[in-house]
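# A closer look at the structure
Take a look at the letters that make up each chain.
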Amino acid sequence: MSKNWYPMINYENCTECGSCAEFCSHGVYDEAKAPTPKVFNPEGCIEGCIGCAGICPADAITYFGDSEQRKTDGGCCSGDCDCDDESSDDKCGCEKGSGCGCGDGSCC
């Protein structure tokens, strides 16, 4: 989990659809505030995960700690994560036994 990476919501663009909070399985968003996204637990975010921004229809999510390098690399959700219950993947920030949060082989 990360103190150096977490989502930031641009509320001027946000349509309050709730898809980001519904998507995140790491407890980053306050479910009690849904559908308005409120970052409740930034340390729960996986460093490099760009999953909630990827599904945001309003392009309202950026990340604290993001850099141009991560944007060009595709970040954690580029499909090249291979962490599972038996191993870890430093590139995606997965820890041994944590599994991948998206359920599709990525680390979101």
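Residues numbered from 1 in each chain as written. Predicted model: local features only at pLDDT ≥ 70, side-chain atom pairs only at ≥ 80, totals over all residues. Heavy atoms only, no water.

Looking now at the side chain of Asp 30. Within the secondary structure layout, Asp 30 lies in the loop between helix 1 (19-23) and helix 2 (51-55). For the buried Asp 30, no salt bridge is present, and the opposite-charge side chain at shortest range is Lys 33, 5.0 Å distant. One polar contact links the side chain of Asp 30 to the main-chain amide nitrogen of Ala 32, over a distance of 3.0 Å. With residues near it in sequence (within four places) discarded, Asp 30 still touches Lys 38 and Phe 40. (Helix = DSSP H or I, 4+ residues; strand = E, 2+ residues; numbered from the N terminus. Buried < 20%, exposed > 50% of the residue type's maximum accessible area, 1.4 Å probe, protein only. Lys, Arg positive; Asp, Glu negative; His and termini not counted. Salt bridge = Lys/Arg side-chain N within 4 Å of Asp/Glu carboxyl O. Polar contact = N/O pair within 3.5 Å; in protein donor to acceptor, adjacent residues only side chain to side chain. Contact = heavy atoms within 4.5 Å.)

Note that Glu 31 resides in the loop between helix 1 and helix 2. Given a relative accessible area of 67%, Glu 31 falls into the exposed group. Linking Glu 31 and Gly 18, residues 13 residues apart in sequence, is a C-alpha distance of 9.3 Å.

By size, the foremost hydrophobic cluster in this structure holds 15 residues, and its most contacted members are Ile 9, Cys 20, Val 28, Tyr 29, Cys 52, Ile 61 and Tyr 63. Secondary-structure elements contributing two or more residues to this core are helix 1, helix 2 and strand 2 (61-64). Setting aside chain neighbours within four positions, we find Cys 52 in contact with Pro 7, Cys 20, Phe 23, Tyr 29, Ile 61 and Tyr 63. (Core = buried A, V, L, I, M, F, W, Y, C linked by side-chain atoms within 4.5 Å.)

The next subject is the packing of aromatic side chains. Per the stated rule, a full pass over the model turns up 2 aromatic pairs. Ring geometry for Tyr 6 versus Phe 64: centroids 4.8 Å apart, planes at 15°, classification stacked. Here Tyr 6, found in strand 1 (residues 6-9), pairs with Phe 64, found in strand 2; they are 58 residues apart in sequence, far enough to count as distant. Residue classification places Tyr 6 among the partly exposed residues on the basis of a relative accessible area of 23%. Accessibility expressed as a relative area gives 38% for Phe 64, which makes it partly exposed. (Phe/Tyr/Trp six-rings, centres within 6.5 Å; stacked < 30°, edge-to-face > 60°.)

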